[in-house]
Amino acid sequence: MNTTWAATAAATTFIWLGMVLAISFLEAPLKFRAPGVTVPVGLGIGRLVFRALNSVEAVLAAVVLAAVLAGGASAGVLGPAVAVLVLLAVQVGVVRRRLGRRSDRVLAGEELPRSRGHLAYVGLELAKVVLLVVLGVALLAT
């Protein structure tokens, strides 16, 4: 793979990884522990933060894909790149959409039991972290 494209894709991948780790595994759980943050307030903040994160992720994914394709990536790079893009699409298009509908109900005042959808989202976040590490390392090795 062309070294300039590989370096661009690797840097973008690790920026993406850092954002996911900081938002999903640091900010998201901590916001509900802050004094005075109710479930509706936390959900409102979470919706804004994750909408922004997912928008930035889409841009970073496009940069990674463009760099990987332009650089003539091997299957060892292309596989994890495509996998992380598909995972992001499922996460945003399916799981986050369902969570959005559920949070609409909570924000409207409905009392609901804990959501297993959040566990699915967290599971996909963990898988995304693994894929981003694998992709970043593969790009550095090229």
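About the criteria used
Residues numbered from 1 in each chain as written. Predicted model: local features only at pLDDT ≥ 70, side-chain atom pairs only at ≥ 80, totals over all residues. Heavy atoms only, no water. 1 Å grid on protein atoms, 1.4 Å probe; cavity = no way out; pocket = protein on both sides within 12 Å on 5 of 7 lines; lining within 4 Å. Points joined across faces, edges and corners; volume = space filled by probe spheres on them. Helix = DSSP H or I, 4+ residues; strand = E, 2+ residues; numbered from the N terminus. Nonpolar A, V, L, I, M, F, W, Y, C, P; charged D, E, K, R; others polar. Axes fitted to C-alpha atoms, helices over the stretch in contact; angles between N-to-C directions. Parallel < 35°, antiparallel > 145°, perpendicular 65-115°, else oblique. Left-handed = near helix turned anticlockwise from the far one by under 90°. Contact = heavy atoms within 4.5 Å. Expected span 1.5 Å × (residues − 1). Buried < 20%, exposed > 50% of the residue type's maximum accessible area, 1.4 Å probe, protein only. Phe/Tyr/Trp six-rings, centres within 6.5 Å; stacked < 30°, edge-to-face > 60°. Core = buried A, V, L, I, M, F, W, Y, C linked by side-chain atoms within 4.5 Å.

Looking now at the layout of surface pockets. As a volume, the largest pocket reaches approximately 1200 Å³. Lining the largest pocket are 34 residues, with F32, L43, L99, S115 and H118 positioned closest to its centre. Every element with two or more residues in the lining of the largest pocket is listed here: helix 1 (3–31), helix 2 (39–70), helix 3 (75–107) and helix 4 (117–141). Split into classes, the residues belonging to the lining of the largest pocket amount to 16 nonpolar, eight polar and ten charged.

For the rest of this paragraph, the subject is the packing of helix 1 against helix 4. Geometry of a packed helix pair, given as the angle between the helix axes and the separation of the axes. Packing of helix 1 against helix 4 leaves a shortest axis separation of 9 Å and a crossing angle of 155 degrees. By the angle between their axes, helix 1 is roughly antiparallel relative to helix 4. Note on packing geometry: the crossing formed by helix 1 with helix 4 is left-handed. Counting all contacts with helix 1, which are made through A6, A9, A10, T13, F14, W16, L17, V20, L21, S24 and F25, the residues of helix 4 involved are V122, E125, L126, K128, V129, L132, V133, L135, G136, V137, L139 and L140. Classifying every residue of the contact of helix 1 with helix 4 by side-chain character gives 18 nonpolar, three polar and two charged.

Looking now at helix 4. Compared with the 36 Å implied by 1.5 Å per residue over 25 residues, the 36 Å span of helix 4 between its first and last C-alpha is a close match. Taken as a whole, helix 4 has its buried residues at Y121, L124, E125, K128, V129, L132, L135, G136, A138 and L139. Lining the buried residues of helix 4 we find helix 1, helix 2 and helix 3.

Between its first and last C-alpha atoms helix 2 spans 45 Å; for 32 residues at 1.5 Å apiece the expected length is 46 Å, and the two agree. Within the span of helix 2, buried status applies to G42, L43, G46, F50, L53, N54, E57, L60, A61, V64, A67 and V68.

Right, let's get into the packing of aromatic side chains. Considering all chains together, one arrives at one aromatic pair under this definition. Judged by centre distance (5.6 Å) and plane angle (90 degrees), the ring pair of F50 and Y121 falls under edge-to-face. Taken together, the positions of F50 in helix 2 and Y121 in helix 4 put the pair 71 residues apart, joining distant regions of the chain. What makes F50 buried here is its relative accessible area of 13%.

Of all hydrophobic cores here, the largest spans 19 residues; its most connected members are W16, V68, V77, L135 and L139. Of all the secondary structure elements, the ones that give two or more residues to this core are helix 1, helix 2, helix 3 and helix 4. If near-sequence neighbours (up to four positions away) are discounted, V77 is found in contact with M1, V68, L135, A138, L139 and T142. In terms of nonpolar packing, the next biggest core, distinct from the first, is built from eight residues, A28, L53, L99 and Y121 among them.

Below, the discussion takes up the side chain of K31. Here K31 is to be found in helix 1. Look at K31 and you get buried, because its relative accessible area is 10%.

This next bit is on the side chain of K128. Inspection of the secondary structure assignment puts K128 in helix 4. Not counting residues within four places of it along the chain, the set of residues in contact with K128 comprises W16, V20, E57, V84, L87, L88 and Q91.

Turning to the packing of helix 3 against helix 4, a few remarks are in order. Running from N to C, helix 3 and helix 4 cross one another at 160 degrees; their axes reach a closest spacing of 9 Å. By the angle between their axes, helix 3 is roughly antiparallel relative to helix 4. Crossing of helix 3 against helix 4: the hand is left-handed. Classifying every residue of the contact of helix 3 with helix 4 by side-chain character gives 20 nonpolar, four polar and three charged.

Purely spatial values, then, with no claim about function.
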